[in-house]
Every structure is written in structure tokens, then in C-alpha cells.
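Take a look at the letters that make up each chain.
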Amino acid sequence: MSERPAPAVTVSELPSHPGVEVTVKGWLYNKRTGGKVRFLILRDGSGYVQCVLSKAEVPEAAWNAAAEVTQESTIEVRGVVRLEPRAAGGVELSVLDFRILDACKDFPITPKEHGTDFLLSQRHLWLRSARQVAILKIRSEVESAIHDFFYKRGYTRVDSPILTPNACEGTSNLFETEYTEEEKAYLSQSGQLYLEPAAAALGKVYCFGPTFRAEKSKTRRHLREFWMVEPEVAFLEIEGLMDLAEEFIKELTVRVLDRRAEDLKRLERDLTKLETVAQKPFPRIPYREAVEILQKKGFPVSFGDDFGGDEETALAEDFDTPVMVTRYPVSIKAFYMQPDPADPEVVLGLDMLAPEGYGEIIGGSQRIHDHDLLLSRIKQHNLPIEAFQWYLDVRKYGTFPHSGFGMGLERFTAWMCGVPHLRECIPYPRMLYRIYP
Ligand code: 4AD
Ligand code: MG
């Protein structure tokens, strides 16, 4: 390459350098060759740019390299940024010089169709494909938006532990590990129990981290390791919790629409479906009514039954925004949920179901704040009282009503992206029978 220094820039920075000579490094995404021109699409993670080589304008070595270069080879291009309204990103590079930094041989993923099993075993390489890049960018945007949402509202982030001595969300899907020779530990199923004492210290708190559930079935909505964000708020009751959950989902959706339009377009996402979310109130349906709706749709459900994926889809299909199902039976919900004083067979909890068949994205509740009531619920659930002594202390020393919820990052991201399976919404999915790579 010539000695002349051209500033090194990323593809995303090109539009702010019109007419300037620059150097870009990345990988070959695609190429087309004509008689006297060769078109190389370079990708560098920040974007894609078409690099145009004319035989007359580049050194012979560059012209030949452009003929040889293979998919996913590492490349360096020096050229002049040209505004090109028809190109993605609005620019092209008129190439002055081009070289291959590392020639890539036989990249396993080609533009032809591959089976999902194959792609999952090549996940480390599959990440480079345009669709996966778009999904990961949207996921990352959602993560930033989550932190901004809580930061703006005065929440303190409190990280819950991952190694825990007991279960939070039932014992059927616990990952067990050896802590010491005498003691076992379990990977966290939720940070909630640790957030409640923190809410007494800091008022409004949230945690956001990896969460583990040893799911024993393969579904498109379940991962064994996923990321959950959980706010917990002192003096917040169920109505306020529903408002918070609605405001949260609306703000995240608007943020994705505003900042990741290009990625949504690449995923061919129907934007009108997401735009309505911000514009309308989310319906709130008590469980008892939800049962009637499902019965009318032909589902054989009655009070006390939990809803599966099909029921969730059927409940959500009448609406174009998420819907909150509230006041589930005590018998099917976690031990810590506050019973409704007006209807003690149900709890002051909510599940938010996304439209378009994406299922439950949020689960939350008001928590029992009465010490003796919580103690009796722990006993009813046959949970070891000694292990929950610290949790009971929150009710012993200055108790207070409080509420919180958990949102699965991958569930929300899948819905935003219009991607049916969670496995594409986390960089390295952990599923039943899959822990490689
Ligand atoms: O409804 P869940 O089990 O609620 C809790 O864990 C509460 N302790 C949260 C709280 O109140 N702080 O899980 C919350 C959300 C679900 O709505 C779903 O979005 C996601 O976590 N989720 C999963 N996502 C992917 N794979 C799984 N196996 C999931 N299980 C739950
Ligand atoms: Mg749930």
C-alpha cells in the first residue's frame, strides 16, 4: 500500500468524511466482478460498505487481489469516500488500493441455506452473518436502554449473587454445584430475594445479570442461561407496578425503533407492529376473566390451571400491544406473592404477554410484607425456614409494602427482532443438549 497516510476509520464513520481519502479494515462480506470494475462489500462490525475498484485506477496487485479474495478474508482498503444516496449508509469507497491481510479458506458458512443445528455448532462464526449482527446490535441497544431507564428514574443498580444457597423460583429447574465439600450451592434463578433487602436500603433498585434454569424441555422460549433485569421498589403496590412495567416496555420499544431502524430493516421487521406499542394503553385482564376468554376460545381450562404457551398466544392474539394478566391463583404462583386482600384466592401478581405469539416477557408481583403471613407461606411450600431467615428479616425490621418484576432480555429482544426462537437472541445459547461452543 502507498506510504501516504490516510486516516483509519470504521464503516460507520464514513458518512462524516465525504471526499476524504481513508483506510478501512474489515472482512470481505461479498463481491461482484465485472470486466473493468470489481465491487467488494467490506464489513467491519460497524456497518457494510461497497468498495468500487476500477482496473484503470488501482495498482495491478490490488486488481488481482480483488479477483482472488474470498469470503471472510481480512482485508484493508484505501479509498475516497463518495456520497452515494443509493448505497446503504449513503456512501461508497472509490478504491485507490486494496490488499488481503489474511486469506480465508473454506469459511464453513456460505450464502446457501444451512440447517440450524449446523449453524448452532458454528455459532462463533455464525455471529458474523448480517442477521446475527443486527440481532446482537438490537440486544445491546436494549441493554443500554434498560440502564438508562432506571438511571433517569433514580434507581441504584444492585448486583445479586449468582451462587446462592437456596431456590427462588421453585426447585424443579435448579442447577446444583459443589460450594465446599460440605455445602452445595445453586446458580441463581432470579436476583429478586436479594433485591428486597436492598430496596429497604436504597428505595428503588434493580439488578441485571445472568439467570440459570435447568429447563428440561426444548422450547423456542426457554434458555438454560438467560439475562434478566429485575426492578424492586419500596412502597410500590400492584397498580404502580403495572404502570412501571408498561412504561418500561414502551420506552424500550421506542428506543429500539429510534436507534436501530437499520437493523430492524435488515431483519425485515414489520415496524407498524412495534409502533402501535407506544401509542396505546396495555390491557389488564384479571386471571378469572382470562379463563373465561380461553374457555370461549375452546381451551379446557378452569380456575387453578397455569397457562402454557398456546394459552398465552391465544390470550394475546386479540390485541396489538402486550397484555397484562393479573391476579393469578395463589396455588400456581411463587410463595412470596402478596394475596389480594379483596380475593385471597389470588395474588397481586402480573404476567405481561407480548403480541404476535412471543409469550410471557415479564413476571412480577407485590411481595408479602407481613412477617407471619410470609412465614406460613414458606412452611406451606415446605421450604427450609433456616435458609430464609435473612429474607424474613426484611419483614421483621421496619417492613414495608414493595413490588418488582423480572423481564427476560432474550424474550424481549426476540419480540423486537421478530425472531421466533430465543437461541438467536443471545450470543452463545445454552439449551438442553447444547453447551458448545
Ligand atoms: O416469571 P419469572 O420466573 O419471574 C421471576 O423470576 C421473578 N422472581 C422476577 C421478579 O419478580 N423479580 O421470570 C421472569 C421473566 C419471564 O417473564 C421471562 O421473560 C424470563 O424471565 N424467563 C426466561 N427467559 C428465557 N428462558 C427461560 N428459561 C426463562 N424463564 C423465565
Ligand atoms: Mg413467570
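Values in this document were obtained by computation on a predicted structure and should not be read as measured data.

Procedures and definitions
- For every chain, the first residue of the written sequence is number 1, and numbering continues from 1 along that sequence.
- Throughout, the order in which chains and ligands are written sets their labels, letters from A for the former and numbers from 1 for the latter.
- Predicted model: local features are reported for residues with pLDDT of at least 70 only, side-chain atom pairs are reported and counted for 80 or more only, and whole-chain, interface and lining totals are derived from all residues.
- With hydrogens and water excluded, all non-hydrogen atoms of the structure serve as input to the side-chain values.
- Working definition: helices are DSSP H or I runs of at least four residues, strands are E runs of at least two. Numbering for both runs from the N terminus.
- For every domain, the bounds stem from an assignment made automatically or drawn from a database.
- Throughout, a contact is declared for two residues whenever any of their heavy atoms are within 4.5 Å.
- Buried area counts how much accessible surface, traced with a 1.4 Å probe, disappears from two parts once they are put together, with both parts' losses summed.
- One side-chain nitrogen of Lys or Arg within 4 Å of one carboxyl oxygen of Asp or Glu is enough to make a salt bridge.
- Any residue with at least one heavy atom within 4 Å of a molecule or strand is counted as near it.
- Here a polar contact is recorded for every N or O atom pair within 3.5 Å, except that within protein the pair must consist of a potential hydrogen donor and a potential acceptor, and residues adjacent in sequence are included only if both atoms are side-chain atoms.
- Each accessible area value is a Shrake-Rupley result obtained with a 1.4 Å probe; residue values ignore everything except the protein chains displayed when judging cover.
- Using a 1 Å grid laid over the protein atoms alone, points where a 1.4 Å probe fits but cannot get out form a cavity; open sets with protein on both sides within 12 Å along at least 5 of 7 lines form a pocket; any residue with an atom within 4 Å of a point counts as lining.
- Think of it this way: if more than half of a molecule's atoms are within 2 Å of a pocket's grid points, that molecule is in the pocket or cavity.
- When DSSP finds two or more bridges between two strands, those strands count as paired.
- Note on geometry: axes are lines fitted to C-alpha atoms, helical ones only across the stretch in contact, with angles between N-to-C directions running from 0 to 180 degrees.
- When an angle is under 35 degrees it counts as roughly parallel; over 145 it counts as roughly antiparallel; between 65 and 115 it counts as roughly perpendicular; any other value is oblique.
- For a crossing to be left-handed, the near helix must be turned anticlockwise from the far one by less than a right angle; the clockwise case is right-handed.
- Each residue receives one of three labels: charged for Asp, Glu, Lys and Arg, nonpolar for Ala, Val, Leu, Ile, Met, Phe, Trp, Tyr, Cys and Pro, and polar for the others, Gly being one of them.
- Grid points are joined across faces, edges and corners, and a volume is the space filled by probe spheres set on the points.
- A 1.4 Å probe rolled over the protein chains alone gives each residue an accessible area, and that area as a share of the maximum for its type sets the label: buried under 20%, exposed over 50%, partly exposed in between.
- Residues qualify for a patch when their relative accessible area is over 30% and they have no salt bridge, like charges being joined within 9 Å and the nonpolar side chains of Val, Leu, Ile, Met, Phe, Trp and Tyr within 5 Å.
- His is not counted, nor are the chain ends, whereas Lys and Arg count as positive and Asp and Glu as negative.
- Charge coordinates come from a single atom per side chain, which is NZ of Lys, CZ of Arg, CG of Asp or CD of Glu.
- In this description, the term disulfide denotes a pair of cysteine sulfurs within 2.5 Å.

1. Topic: unusual backbone geometry
Thinking step 1. Here the bond from tyrosine 436 into proline 437 is cis, since omega is -5 degrees, no more than 30 degrees from zero.
Thinking step 2. Even without glycine at this site, tyrosine 433 takes up a positive phi of about 65 degrees.
Thinking step 3. Here tyrosine 433 shows up in the segment after helix H13 (409-417).

2. Overview of the domain arrangement of the chain
Thinking step 1. Partitioning the chain into structural domains gives domain 1 (11-102) and domain 2 (121-424).
Thinking step 2. For domain 1 versus domain 2, the separation of C-alpha centres amounts to 45 Å.
Thinking step 3. The interface is formed by seven residues belonging to domain 1 together with five residues belonging to domain 2.
Thinking step 4. Of the roughly 550 Å² buried between domain 1 and domain 2 on both sides combined, carbon and sulfur atoms contribute 41%.
Thinking step 5. Remark: the boundary between domain 1 and domain 2 carries one salt bridge.

3. Section: the site of ligand 1
Thinking step 1. Residues in contact with ligand 1 amount to 24 residues; listed here are only the nearest, Glu169, Gln192, Arg213, Glu230 and Glu360.
Thinking step 2. Glutamine 192 is positioned such that a nitrogen or oxygen atom in its side chain is 2.7 Å from a nitrogen atom of ligand 1.
Thinking step 3. Burial of ligand 1 by the protein chains amounts to 94% of its free accessible area of 630 Å².
Thinking step 4. Among the detected pockets, ligand 1 sits in the largest pocket.

4. Structural notes on the sheet that holds strand E11 (residues 225-234)
Thinking step 1. One open sheet accounts for eight strands, arranged E6-E10-E11-E18-E17-E16-E13-E12; its pairing is mixed. With partners counted over all chains shown, the strands left at the sheet margins are strand E6 (156-157) and strand E12 (284-286), one partner each.
Thinking step 2. Strands in contact with helix H9 (residues 287-296) are E12 and strand E13 (323-326); relative to E12, the strand with the most contacts, it is inclined by about 85 degrees.
Thinking step 3. Of the strands in this sheet, strand E10 (204-212), E11, strand E16 (349-354), strand E17 (359-366) and strand E18 (402-408) touch H13, which is tilted by about 55 degrees from E18.

5. With respect to the packing of helix H5 (residues 192-202) against helix H12 (residues 389-396)
Thinking step 1. Running from N to C, H5 and H12 point in directions that differ by 30 degrees, and their axes come no closer than 10 Å. Comparing their axes, H12 and H5 come out roughly parallel. Handedness of the crossing formed by H5 with H12: left-handed. Listed contacts from H12 to Gln192, Leu193, Tyr194, Glu196 and Pro197 of H5 are Trp390, Tyr391, Val394 and Arg395.
Thinking step 2. In terms of residue class, the contact of H5 with H12 is built from six nonpolar, one polar and two charged.

6. Side note on the sheet that holds strand E4 (residues 74-83)
Thinking step 1. Reading around the barrel, the five strands line up as E1-E2-E3-E5-E4 and close back on themselves, with mixed pairing between neighbours. Mean inter-strand twist for the sheet, computed between neighbouring axes without regard to direction, equals 55 degrees.
Thinking step 2. Pairing of strand E3 (residues 48-54) with strand E5 (residues 91-102), which is carried by three bridges, proceeds in the parallel orientation. Its bridge partner lying in E5, valine 52 is registered against serine 94.

7. With respect to empty space enclosed by the protein
To find leftover empty space, one rolls a probe the size of a water molecule over the atoms.
Thinking step 1. For the structure on display, the rule yields three cavities of 30 Å³ or more.
Thinking step 2. Its volume calculated, the largest cavity comes out at about 50 Å³.
Thinking step 3. As for the largest cavity, its lining consists of Thr164, Asn166, Ala167, Cys168, Leu174, Leu187, Ser188, Gln189, Ser190, Leu193 and Tyr194.
Thinking step 4. In terms of residue class, the lining of the largest cavity is made up of six nonpolar, five polar and no charged.

8. Notes on the environment of leucine 353
Thinking step 1. With respect to the helices and strands, the residue leucine 353 is situated in strand E16.
Thinking step 2. Judged by its relative accessible area of 1%, leucine 353 is buried.
Thinking step 3. Between the C-alpha atoms of leucine 353 and alanine 414, which are 61 residues apart in sequence, the distance is 13 Å.
Thinking step 4. Ignoring any residue separated from it by four or fewer positions in sequence, one finds leucine 353 in contact with Glu312, Leu315, Ala316, Pro322, Val323, Val325, Gly359 and Glu360.

9. Description of the side chain of asparagine 166
Thinking step 1. Along the polypeptide, asparagine 166 turns up in the loop between strand E7 (163-164) and strand E8 (176-178).
Thinking step 2. Residue asparagine 166 is classed as buried on the basis of its relative accessible area, which comes to 10%.
Thinking step 3. Beyond its immediate sequence surroundings of up to four residues, asparagine 166 is in contact with Tyr186, Leu193, Ala387, Phe388 and Trp390.

10. Quick look at a negative patch on the surface
Thinking step 1. Taken together, the side chains of Glu178, Glu181, Glu182 and Glu183 define an acidic patch exposed on the protein surface.
Thinking step 2. Classification of glutamate 182 as exposed rests on a relative accessible area of 73%.

11. Details of the state of the cysteines
Thinking step 1. In total, this model carries zero disulfides according to the counting rule given.
Thinking step 2. Sulfur of cysteine 104: no disulfide; nearest cysteine sulfur belongs to cysteine 51 and is 17 Å away.

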